[in-house]
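Single-letter residue listing:
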Amino acid sequence: MRQARLRVFCVTKTNHILRGFALSEIQQILSEKNLDRHNDGLLELLNNVTVDDVKCALRETPGEYSLKRMLTLISPAAQECLEDMASQAAALTVQRFGKTVQLYAPLYVSNYCCNSCLYCGYNSSTKFERTRLTIEQAAAEADIIASEGFRHILLVSGEDPSFVTCDYLNELAEKLRSKFSSISIEIQPLSTDGYAEVFRGGIDGVTLYQETYDRDTYAKYHKAGPKSDYDYRLDTHDRTAAGGMRRLGVGFLLGLANWRLETLAMSEHAAYLMKNYWRAQVSFSFPRMRPALNVAENYQHLVNDKELVQLMLALRLCFADAGIVLSTRESAAFRDNLVKLCVTRMSAGSKTNPGGYSGDGNSAEQFEIDDDRSAGQIADMLKSVGKETVWKDWDAGFVNV
Amino acid sequence: MDKLVIAGKEFGSRLFIGTGKYSSNQIMAESIAASKTDMVTVALRRVDIENENDDMLAAIDREKYLLLPNTSGARDAKEAIRLAKLARAASGINWLKLEVTPDPYYLLPDGTETLKAAKALVKDGFVVLPYINADPILAKKLQDVGTATVMPLASPIGSNQGLKTRAAIEIIIKQATVPVVVDAGLGLPSHAAEAMEMGSDAVLVNTAIAAAADPVLMAKAFKQAVKAGRNAFLAGRAAVTTEANASSPLTGFLRD
C-alpha cells in the first residue's frame, strides 16, 4: 500500500511538472482576474456596491451571468434586497425546473484517505479504524437506499486511489445500474482516461469541490498528499467533462476563506465549464463547515444563514439552469425554507459513514449531519410546500459511450 | 369535421400536453383533464415505462390519452435510438417524440442527430414526431424519411417567449406534407392562438401550464385559445391594410 501511495504522489508530481509553465485556461482566467488569491481590491469593490446598484442589477434579465452582476448580488449592500432576490430566484427556478425537487442519497464506500485536510474527519493522520466496503456490502447498502425510493445515488469516499479504483467503481456500478437511473461519484480526482473508464461503466456525474479557490488558504489546509496540488484539482472538471460526464458538481467549503471572493472564483469556474463543456450540466453545492471527528479547527470565515441564502439566490440569478444542491449538513428548518427559494436537488436520510445504512458498521463518519429526517419525511415536507419529489430524472437506457 | 390526423390516428384536440414541472401528479392529471387533450408526452428519463404503477404514469389515464414517450436528455442519435427501443420493448408503445438535446441549458435540438435517429426509427417501425429547430429544410428532410409530424420550436423550451421563430414556421407550414405541431416556448394562450391562426396543425404546451399559479385554469385557457386560433384559421382572416378603409368612400353618394 505504501508503494501505491508513493506512486500516486509521483504521477501527480510528474503531471504537474509536465504541464510546465503553461497555465490551463481556468488557471489563467482566475489568475488574470485576481480570483485565486485573497484580494483587498475586490473586497473594496464589493463594499462599494450600493443598494441602488443592486436594484439596477435586479432589473436586468434574471439568470444571465457576468462577473460584475455576481459581484453586485453578493455584495454586503445586496443583503438589503434579499426579498426581491428571493422572489425572482423562486420564479426563475419554477420556470426552469418546475415545482419539483429531486432527491438523491450518498453512499459512503470508503474512509481511507491519503490526504491531510485539516478540516476533515478522514484526514490520513487521524488514527481510527478505516473501512472500505466490499462490493457486496456496498450493494447491500444500496439496496436499503433503493428501498426508500431513491433512484439517484452518489458514491462517496475518502481519497485513496489504492482503495477506490476504477475497477472497484465499475464493478459496483454494474451491480447498481438495475436499481438506479443515475450514479455519480465524489471521490479523488481521476485522469481523463479514468473518468472515461467509469463513465463507460455507467457512472455519469462527478462532484468535486475545489474546497477553496484561494491558493494561500488551500496550501494552509492541504499540507500533504496528492491533494496539495491546487492546480491538478482545479483542472479536474476539465477531465471529468472530457471523460464524458454529464453532471459536474462544483463547490467550495464555506468557512475556509472569504465567501464572497470564493463565490466570484467559483462563478468564473462554472461559467468557463458551461461555455467549454456545453453538453454537461453544472451544479453548485454549499458545504458549510460542520463538526467532524478529531477536528477542532477554529474557522475564521464561517458563513451565517443570511449569507448562505444570499449566495444561493445570487447563483440562481446568474445561472438560470444550474443545479442548486442542498445536503443534510443543514438543519431541517433551514432546508424547509430553502426549498421554496431555489433548491433543485437535496440529499435525504443520509449516512456519512461506510456501512451506515445497514447499521452494521460503527465506522467513522466524515462529518455530522443535521437534518436526519427520512426520505419519506422529506417527500412529505416537499408536498406540504407545493413541490413534487422527483426520484427519477435519468434512465439507465442512456448509453455512456 | 375538422379532425387532426397523425399517422392514421384521429385527434379531437389540437393541444398536446407535457407532464414535467407540476407540483403534484394530481394537479398534472387535473390540468390534463381541463385541457381536453388527447395526447400527453412523458419523458422516459422521468418514469419507469415498464412499470404501470409508476407514480406519474398511474396518474395518466391511458384509456383517454395517448401516451407519447419522449427521449429528452439524449445527447445523440445513438442514445435516442437505444432509449426508444428499450421503452418500446418495455411498454409496447411505438409512438415517439424524438428529442436529441445535447445542451442541458437551452435544450435546443441537434438537427443532424435528430435526422439520423428519425431515419433509423422510422425504418424500425416507430411513429416518429421529431422536436426540431424551426428549420424548413430539416423539416423537409424529416418528412422525406417518413416522420409523422414535424415539431418546430417557437422559442427555447421553457422560455415562455412565444413565437420568436414565426417567419421560419410560416415556411414550414407552407411546405408541410405532414402535420406541423408547434412545440416549446409558447408562454401564453395568445401565443398558442397565434400559432394556430398561422395554420399550425397543433401545439404542445408544458411549462406555461405547469408553472402557472393555477395550472388547471391555465390548461383550460390554452384549450380555448387553441380552439379560437384554429377557428380563426378556418374562417380565413380579413386582409390587412395600412389605412382605415371606409365602406364606400367613392360611391357612397349613390346611396343618398
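Nothing here was measured: the structure is a model prediction, and the numbers come from that model.

Caption draft 1: Structural context of a negative patch on the surface. Residue and element names in this part refer to chain A. Taken together, the side chains of Glu136, Asp167, Glu171 and Glu174 define an acidic patch exposed on the protein surface. The element contributing the most residues to the negative patch is helix 8 (residues 166–176), with three residues. If you trace the backbone, glutamate 174 turns up in helix 8. Judged by its relative accessible area of 61%, glutamate 174 falls in the exposed class.

Caption draft 2: Representation of the domain arrangement of chain A in the model. All names here are of chain A. With domains assigned, chain A is organised as domain 1 (3–81) and domain 2 (94–399). Summarising the inter-unit geometry, the C-alpha centres of domain 1 and domain 2 are found 21 Å apart. Every contact between the two is made by 38 residues of domain 1 and, on the other side, 41 residues of domain 2. It is Tyr65, Ile74 and Gln79 that lose the most area in domain 1 upon contact with domain 2, and together they represent 18% of the buried surface on that side. Counting across the interface, domain 1 meets domain 2 through three salt bridges. Note that glutamate 268 is salt-bridged to lysine 33, the shortest N-O span being 2.8 Å. There are 15 residue pairs in polar contact (both at pLDDT 80 or more) connecting domain 1 and domain 2. Elements that contribute at least two residues to the side of domain 1 that touches domain 2 include exactly helix 1 (2–19), helix 2 (25–32), helix 3 (40–48) and helix 5 (67–73). Ranked by residues supplied to the side of domain 1 that touches domain 2, first place goes to helix 1 with eight residues.

Caption draft 3: Highlighting the pattern of salt bridges. All names here are of chain A. Tallying each qualifying case throughout the model produces 29 salt bridges over all chains. Of the charged contacts, one joins arginine 69 and glutamate 60 as a salt bridge, the two residues approaching to 3.1 Å between their closest N and O atoms. Look at glutamate 60 and you get partly exposed, because its relative accessible area is 41%. Note that arginine 335 and aspartate 371 form a salt bridge whose closest N and O atoms lie 2.8 Å from each other. Residue arginine 335 is found in helix 15 (residues 332–338), and its partner aspartate 371 is found in the loop between strand 8 (345–347) and helix 16 (375–384); the two are separated by 36 residues along the sequence. The exposure class assigned to arginine 335 is buried, which follows from its relative accessible area of 0%. A residue is classified by how much of its surface remains accessible, and aspartate 371, at 1% relative accessible area, is buried.

Caption draft 4: Representation of the packing of helix 4 (residues 111–123) of chain B against helix 5 (residues 136–145) of chain B. All names here are of chain B. As a packed pair, helix 4 and helix 5 sit with axes 9 Å apart at the nearest point and diverge in direction by 15°. Overall, the two elements helix 4 and helix 5 adopt an arrangement that is roughly parallel. Handedness of the crossing formed by helix 4 with helix 5: right-handed. Contacts between helix 4 and helix 5 involve Gly111, Thr114, Leu115, Ala118, Lys119 and Val122 from the former and Leu138, Lys141, Leu142 and Val145 from the latter. Residue composition of the contact of helix 4 with helix 5, grouped by class: six nonpolar, two polar and two charged.

Caption draft 5: Inspection of the packing of aromatic side chains at higher detail. Enumeration according to the criterion identifies 11 aromatic pairs over all chains in this entry. Relative to B:Phe16, the ring of B:Phe11 has its centre 5.5 Å away and its plane inclined at 65°; by these criteria the two rings are edge-to-face. B:Phe16 carries the same exposure label as B:Phe11, and that label is buried. Ring pairs connect the aromatic residues A:Tyr65, A:Phe284 and A:Phe319, which therefore count as one cluster.

Caption draft 6: Inspection of empty space enclosed by the protein at higher detail. According to the stated counting rule, one finds three cavities of 30 Å³ or more in the structure shown. Within this model, the second largest cavity holds a volume of roughly 60 Å³. In terms of residue class, the lining of the second largest cavity is built from five nonpolar, four polar and three charged.

Caption draft 7: Representation of the interface of chain B and chain A. On the side of chain A, 32 residues touch chain B, which itself brings 34 residues to the contact. Summed over both partners, the interface of chain B with chain A buries about 2800 Å², with 47% contributed by carbon and sulfur atoms. Counting the surface chain B buries against chain A, the share from its top three residues, B:Arg45, B:Arg75 and B:Tyr105, is 30%. At the junction of chain B and chain A, the tally comes to three salt bridges.

Caption draft 8: Spotlight on the confidence of the model for chain A. Across chain A, pLDDT averages 89, with 91% of residues at or above 70. In the model, residues 1–17 of chain A has pLDDT below 50 throughout and makes 16 contacts with residues more than four positions away in sequence or in other chains.

Caption draft 9: Broad picture of the layout of surface pockets. Space inside the largest pocket adds up to approximately 760 Å³. Around the largest pocket, the lining comprises 27 residues; the ones closest to its centre are A:Gly63, A:Glu64, A:Tyr65, A:Cys318 and B:Tyr106. The set of elements that each furnish at least two residues to the lining of the largest pocket consists of helix 2, helix 6 (82–97) and helix 13 (259–276) of chain A. Among the elements that make up the lining of the largest pocket, the one with the highest residue count is helix 13 of chain A (six residues). Looking at side-chain class alone, the lining of the largest pocket contains 14 nonpolar, six polar and seven charged residues. In this structure, the lining of the largest pocket is formed jointly by two domains, domain 1 (3–81) and domain 2 (94–399) of chain A, each of which donates at least three residues.

Caption draft 10: The arrangement of the side chain of A:Ser283 in detail. Residue and element names in this part refer to chain A. Looking at the element boundaries, serine 283 is found in strand 6 (residues 281–285). By relative accessible area, serine 283 is classed as buried at 4%. Apart from residues no more than four positions distant in its own chain, serine 283 is found in contact with Leu248, Gly249, Val250, Gly323, Val325 and Arg345.

Caption draft 11: Highlighting helix 13 of chain A. All names here are of chain A. Compared with the 26 Å implied by 1.5 Å per residue over 18 residues, the 25 Å span of helix 13 between its first and last C-alpha is a close match. Extensive coverage of helix 13 is indicated by the burial of 16 of its 18 residues. One side-chain oxygen at the N-terminal end of helix 13 lies 2.8 Å from the backbone nitrogen of arginine 260; it belongs to asparagine 258.

Caption draft 12: Region of the structure containing the environment of B:Asn160. By secondary structure assignment, the location of B:Asn160 is in the loop between strand 8 (151–152) and helix 6 (166–175). B:Asn160 gets classed as partly exposed once you look at its relative accessible area, which sits at 27%. Once residues lying within four places of it in the same chain are set aside, the contact partners of B:Asn160 are A:Gln95, B:Gly185, B:Leu186, B:Gly187, B:His191, B:Thr207 and B:Ala208.

Caption draft 13: Focus on unusual backbone geometry. With a phi angle near 75°, A:Glu211 is a residue other than glycine that sits in the positive phi range. Phi at B:Lys21 is positive, roughly 70°, even though this residue is not glycine. When its relative accessible area of 15% is taken as the criterion, B:Lys21 is described as buried.

Caption draft 14: Region of interest: the nonpolar core. A:Phe319 and A:Met346 are the most contacted members of the largest nonpolar core, which totals 107 residues. Per-element tally for this core: the top contributor is helix 13 of chain A, with 10 residues. The residue makeup of this core includes at least three contributed by each of domain 1 (3–81) and domain 2 (94–399) of chain A. In this structure, B:Val42, B:Leu44, B:Ile60 and B:Ala208 belong to the second largest nonpolar core, which totals 76 residues.

Here is what the cut-offs are and how they apply
Residues numbered from 1 in each chain as written. Chains lettered and ligands numbered in written order. Predicted model: local features only at pLDDT ≥ 70, side-chain atom pairs only at ≥ 80, totals over all residues. Heavy atoms only, no water. Patch = residues over 30% accessible without salt bridge, like charges linked within 9 Å, V, L, I, M, F, W, Y side chains within 5 Å. Areas by Shrake-Rupley, 256 points an atom, 1.4 Å probe, with all protein chains shown as cover. Salt bridge = Lys/Arg side-chain N within 4 Å of Asp/Glu carboxyl O. Lys, Arg positive; Asp, Glu negative; His and termini not counted. Charge placed at Lys NZ, Arg CZ, Asp CG, Glu CD. Helix = DSSP H or I, 4+ residues; strand = E, 2+ residues; numbered from the N terminus. Buried < 20%, exposed > 50% of the residue type's maximum accessible area, 1.4 Å probe, protein only. Domains from an automatic or database assignment. Contact = heavy atoms within 4.5 Å. Buried area = accessible area lost by both parts, 1.4 Å probe. Polar contact = N/O pair within 3.5 Å; in protein donor to acceptor, adjacent residues only side chain to side chain. Axes fitted to C-alpha atoms, helices over the stretch in contact; angles between N-to-C directions. Parallel < 35°, antiparallel > 145°, perpendicular 65-115°, else oblique. Left-handed = near helix turned anticlockwise from the far one by under 90°. Nonpolar A, V, L, I, M, F, W, Y, C, P; charged D, E, K, R; others polar. Phe/Tyr/Trp six-rings, centres within 6.5 Å; stacked < 30°, edge-to-face > 60°. 1 Å grid on protein atoms, 1.4 Å probe; cavity = no way out; pocket = protein on both sides within 12 Å on 5 of 7 lines; lining within 4 Å. Points joined across faces, edges and corners; volume = space filled by probe spheres on them. pLDDT = per-residue confidence, 0-100. Expected span 1.5 Å × (residues − 1). Core = buried A, V, L, I, M, F, W, Y, C linked by side-chain atoms within 4.5 Å.

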